[in-house]
Amino acid sequence: MTREQAMGRIAQLRSVIQEHDYKYHVLDQPSISDFEYDQLMQELIALETAHPDLITPDSPTQRVGGQLLEGFEKVTHKAPMLSLSNAFGAEDLRDFDRRVRSLIAGESFDYVAELKIDGLAVSLIYENGVFVRGATRGDGEVGEDITANLKTIKSLPLVLPRSLTIEVRGEAYLPKREFERINREREAAGEALFANPRNAAAGSLRQLDPKIVGRRNLSIFTYAIGSIEGEAVETHASGMNLLQKLGFKVNPERRRLPDIDAVIEFVESWTGERRATLPYEIDGIVIKVNQTSFYPRLGTTAKSPRWAIAYKFAAEQAETVLRDIIVNVGRTGAVTPTAVLEPVRLAGTTVSRATLHNEDMIRELDVMLGDTVVVQKAGDIIPEIVRVVTDKRTGDERPFSMPTHCSECGAELIRFAGEAAIRCINPQCPAHNREGIIHFVSRDAMNIDGLGEQIVTQLFDSKLVQDPADLYSLSMEDLLPLERMGQKSAQNLLDSIARSKENSLERLIFGLGIRFIGEKAAKVLADHFDTLDGLMQASLDEMVAVPEIGPKMAESIKEYFAQESTQRVIEKLRRAGVNFAYKRPTVMMSEDSPFSGKTFVLTGTLASMDRKEAGRLIEQRGGKLTGSVSKNTDYLLAGEKAGSKLDKARELGVKVLDEAAFLEWLGIE
Ligand code: IVH
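Calculation rules
- Residues numbered from 1 in each chain as written.
- Predicted model: local features only at pLDDT ≥ 70, side-chain atom pairs only at ≥ 80, totals over all residues.
- Heavy atoms only, no water.
- Helix = DSSP H or I, 4+ residues; strand = E, 2+ residues; numbered from the N terminus.
- Buried < 20%, exposed > 50% of the residue type's maximum accessible area, 1.4 Å probe, protein only.
- Polar contact = N/O pair within 3.5 Å; in protein donor to acceptor, adjacent residues only side chain to side chain.
- Contact = heavy atoms within 4.5 Å.
- Axes fitted to C-alpha atoms, helices over the stretch in contact; angles between N-to-C directions.
- Parallel < 35°, antiparallel > 145°, perpendicular 65-115°, else oblique.
- Left-handed = near helix turned anticlockwise from the far one by under 90°.
- Nonpolar A, V, L, I, M, F, W, Y, C, P; charged D, E, K, R; others polar.
- 1 Å grid on protein atoms, 1.4 Å probe; cavity = no way out; pocket = protein on both sides within 12 Å on 5 of 7 lines; lining within 4 Å.
- Points joined across faces, edges and corners; volume = space filled by probe spheres on them.
- Pairing = 2+ DSSP bridges.
- Near = heavy atom within 4 Å.
- Areas by Shrake-Rupley, 256 points an atom, 1.4 Å probe, with all protein chains shown as cover.
- Expected span 1.5 Å × (residues − 1).
- Phe/Tyr/Trp six-rings, centres within 6.5 Å; stacked < 30°, edge-to-face > 60°.
- Lys NZ or Arg CZ within 6 Å of the ring centre and 35° of its normal.
- Core = buried A, V, L, I, M, F, W, Y, C linked by side-chain atoms within 4.5 Å.
- Salt bridge = Lys/Arg side-chain N within 4 Å of Asp/Glu carboxyl O.
- Right-handed = clockwise from strand over helix to strand, strands pointing away.

(A) Seen up close, the side chain of Thr61. Looking at the secondary structure, you find Thr61 in the loop between helix H2 (34-50) and strand E1 (74-76). What makes Thr61 buried here is its relative accessible area of 18%. Within the structure, the side chain of Thr61 is placed 2.9 Å from the side chain of Ser59, a separation counted as a polar contact. One polar contact links Thr61 to Gln62, side chain to side chain, over a distance of 2.9 Å. The residues touching Thr61, leaving out its near neighbours within four places in the chain, are Met41, Leu44, Ile45 and Glu48.

(B) Quick peek at the packing of helix H3 (residues 90-103) against helix H9 (residues 260-269). At a closest axis distance of 10 Å, the pairing of H3 and H9 adopts a crossing angle of 150°. Viewed along their axes, H3 and H9 adopt a mutual orientation that is roughly antiparallel. Taken as a pair, H3 and H9 cross one another with a handedness that is right-handed. Across from Ala90, Leu93, Arg94 and Asp97 in H3, the residues of H9 making contact are Ile260, Asp261, Val263, Ile264 and Val267. For the contact of H3 with H9, the residue count by class is six nonpolar, no polar and three charged.

(C) Structural view of empty space enclosed by the protein. Within this structure, the stated rule accounts for one cavity of 30 Å³ or more. Forming the walls of the largest cavity are Val75, Thr76, His77, Lys78, Ser123, Ile125, Arg133, Ala135 and Glu167. Elements that contribute at least two residues to the lining of the largest cavity include exactly E1, strand E4 (120-127) and strand E5 (130-136). Looking at the lining of the largest cavity residue by residue, the classes come out as three nonpolar, three polar and three charged.

(D) Fine view of the sheet that holds strand E23 (residues 635-638). Strand order in the open sheet made by the four strands is E22-E21-E23-E24, with parallel pairing throughout. The open sheet is flanked by strand E22 (624-625) and strand E24 (655-657), the only strands paired with a single partner. Where strand E21 (residues 599-603) and E22 come together, two bridges link them in parallel fashion. Looking at the pairing, Thr599 lines up with Lys624 of E22.

(E) Seen up close, the site of the ligand. Leu84, Glu114, Glu171, Tyr223 and Lys288 are the nearest of the 13 residues found near the ligand. In this structure, Leu115 approaches the ligand through a main-chain N or O atom, which is 3.1 Å from a nitrogen atom. Take Tyr223: an N or O atom from its side chain is 3.3 Å from an oxygen atom of the ligand. Taken by itself the ligand offers 520 Å² of open surface, and the protein chains cover 88% of this. When residues of the shell around the ligand are traced back to their parent elements, those giving at least two are strand E3 (111-117) and strand E10 (282-289). Sort the elements by how many residues they give to the shell around the ligand and E3 lands first, with four residues. For the shell around the ligand, the residue count by class is eight nonpolar, one polar and four charged.

(F) Helix H1 (residues 3-26), seen in detail. For H1, spanning 24 residues, the distance from its first C-alpha to its last is 33 Å, which sits close to the expected 34 Å at 1.5 Å a residue. Regarding H1, the residues found buried are Ala6, Ile10, Leu13, Arg14, Ile17, His20, Asp21 and Val26. Elements that come into contact with the buried residues of H1 comprise H2. Backbone geometry just downstream of H1 places Asp28 in the positive-phi region, at approximately 65°.

(G) A look at the packing of helix H16 (residues 505-512) against helix H17 (residues 519-529). Put simply, H16 and H17 touch, their axes get as near as 8 Å, and they point 135° apart. In terms of their interaxial angle, H16 and H17 are classed as oblique. Relative to H17, H16 is oriented so that their crossing is right-handed. Where H16 approaches H17, its residues Leu505, Glu506, Ile509 and Phe510 are matched on the opposing element by Glu519, Ala522, Lys523, Leu525 and Ala526.

(H) Just the packing of aromatic side chains, in detail. Using the criterion set out here, one finds 15 aromatic pairs in the structure. Each residue in the set Phe595, Phe600, Tyr635, Phe662 and Trp665 is aromatic and connected to the rest through ring pairs, giving one cluster. Lying over the aromatic face of Phe221, Lys249 brings its terminal NZ or CZ to 5.0 Å of the ring centre. Just above the ring of Trp270 sits the side chain of Arg274; from NZ or CZ to the centre is 3.7 Å.

(I) Just the nonpolar core, in detail. By size, the foremost hydrophobic cluster in this structure holds 55 residues, and its most contacted members are Leu471, Tyr472, Leu508, Ile509 and Leu573. The element best represented in this core is H17, accounting for six residues.

(J) Up close: the sheet that holds strand E11 (residues 308-312). The five strands lie next to each other as E2-E11-E10-E3-E9, forming an open sheet whose pairing is mixed. Where the open sheet ends on each side, the last strands, each with one partner, are strand E2 (86-87) and strand E9 (255-257). Taken together, the two bridges between E2 and E11 define a ladder with parallel strand orientation. Within the sheet, the bridge partner assigned to Asn86 lies in E11 and is Ala310. Packed on one face of the sheet, helix H8 (residues 236-245) meets E3, E9 and E10 and runs near 50° to E3.

(K) Molecular detail of the pattern of salt bridges. The full count for this structure, using the stated rule, is 36 salt bridges. Several salt bridges converge on common partners, so that one network encompasses Glu359, Asp360, Arg363 and Arg415.

(L) A look at the pairing of E21. With five of its five residues buried, E21 lies for the most part within the structure. A two-sided burial pattern is seen for E21, the buried positions comprising Thr599, Val601 and Thr603 on one face and Phe600 and Leu602 on the other. For the segment spanning E21, helix H22 (residues 611-620) and E22, crossover handedness is right-handed. Bridge analysis of E21 against E23 gives four bridges, and the strand direction is parallel.

Worth remembering: the numbers are spatial, not functional.
Okay, structure coming up:
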């Protein structure tokens, strides 16, 4: 392919990919499969690898740059990013309407009402149709440059269909589904949970690694044009239509309304259960005067424009009776109280449990069993008790105190200095142990397929498995009597248990469930100490010397391995033949390796290693090297300035691997 042809094809691919991003992420109507999309992307990557000088920042391949950010630059907004004043009821809305009408007396105008998305305000700058900078609101005057992170958001167009210079404002947010997924993953990794989607969105956009941001699946609804060159936008409604035409995602639930009565009706249509049906969080309704020509006359107060107002939903609350408080012992031994409520409807769902967080919260609320309580949905996901309706006390209420001893093992519960949680630290505690086994087998830990919570609980209750090491002595006879366990699933389970013996050390370290040791720390420790014995023998100083391992983690590890029960489990695992060594990704990975049995040709310059090294790594993993591309070649690894071999590969339809994909296959990111 000539350079000219490559240029043409690159332009074509970019616009096709952009169109598919738009269909999938803005319209929610994908028209091709993920596989077909990947093919287009791979072809573009290959062409850009062959012609690196043709790469431009607005190429879809540039959404996730490999670069770690060092921090965020401050940027001064061209025009301040104002906030909105709030209305909390119909009366406040009528006051707002009266003020507007008195300021533009005699003029005719209408309103637009739209959803107030609960996320993070961002400013997006396009110069000549290309996205050049995105920033947070900050204090309204100065925000932070988060361009690299915003580029990862696929509903954000990197190029516009016209060469416009425009500043667009909008709300970056995390869909409810993604929020739940991220929290599930964080829980499995022993990381702190996000309180609500807004915090999760804000936390994500402040990440210094755009790769992580990319995995969060954020989205953006745009809701204002900050400024635009060479175009007059006379109404807010037409501005939103323009944004929509330019490829931005604009929330469809917006309405042009003739007067404040119609606005109030619209607002009321969203205060009930309808809100719970949205796939994202909203915290109110924004009402804007539609005709922008009146904005200068309406002006702004110190912080907010007089042509718009935010109707804020009251946190939805309901009264119900506290039936009981149950305490659960988690994997780390933390004992958490949960309120059992008389079921009640709240913000579109029936609530029968509420979190009480910890002992301090129970004391602060001064709550008794049998109390009438007010429950509220915090961040609209997890209900919590806000207060006790003391007027409704009958005298029959009973005080509740947190147990002093573990309900499952009887061991004394301990509250560590500086912590709100009380814990059962008995390593033999059944609850603690059962949760520990559930964690051990989980996907990110030892990844034992077919061992869900229910089976673990059955195995645990029947005393067949009391610690993770017992899994390795299970037999067919042990499994067959379990509920819904046939010969075939029992065999599959035994196979996956056996397979897990070969896992690399980091999975085992994470699976042991040592406090403060998440997936990342486990990997760092495995890489540094090579074997479990190496880690067990390491001194505190040696551990703290490892990057990313702090004193709290080091002490927790020491304490964990010092326990006699830990040592017993470790010895059992050793005898069962569980691998205690780190399998460095540079070591051949047997049949799992994507390189295994495949024929490779190398061409061009790689940034991270020379070709000899790349060849060695491929051979180590079971791949074969040849010098020239033929129809028997499985992959061409193409670095920069790849030449005729790349053309040949294209011609023959040989798959092309770029350096990033190669590094990913190697497990190096
Ligand atoms: S208009 C000049 N429209 O709410 C005011 N804001 O305090 C421009 N928000 O910071 C804001 N959805 O982050 C507007 N449809 C919407 C909105 C919206 C969410 C946020 C925005 C702003 C805050 C208002």
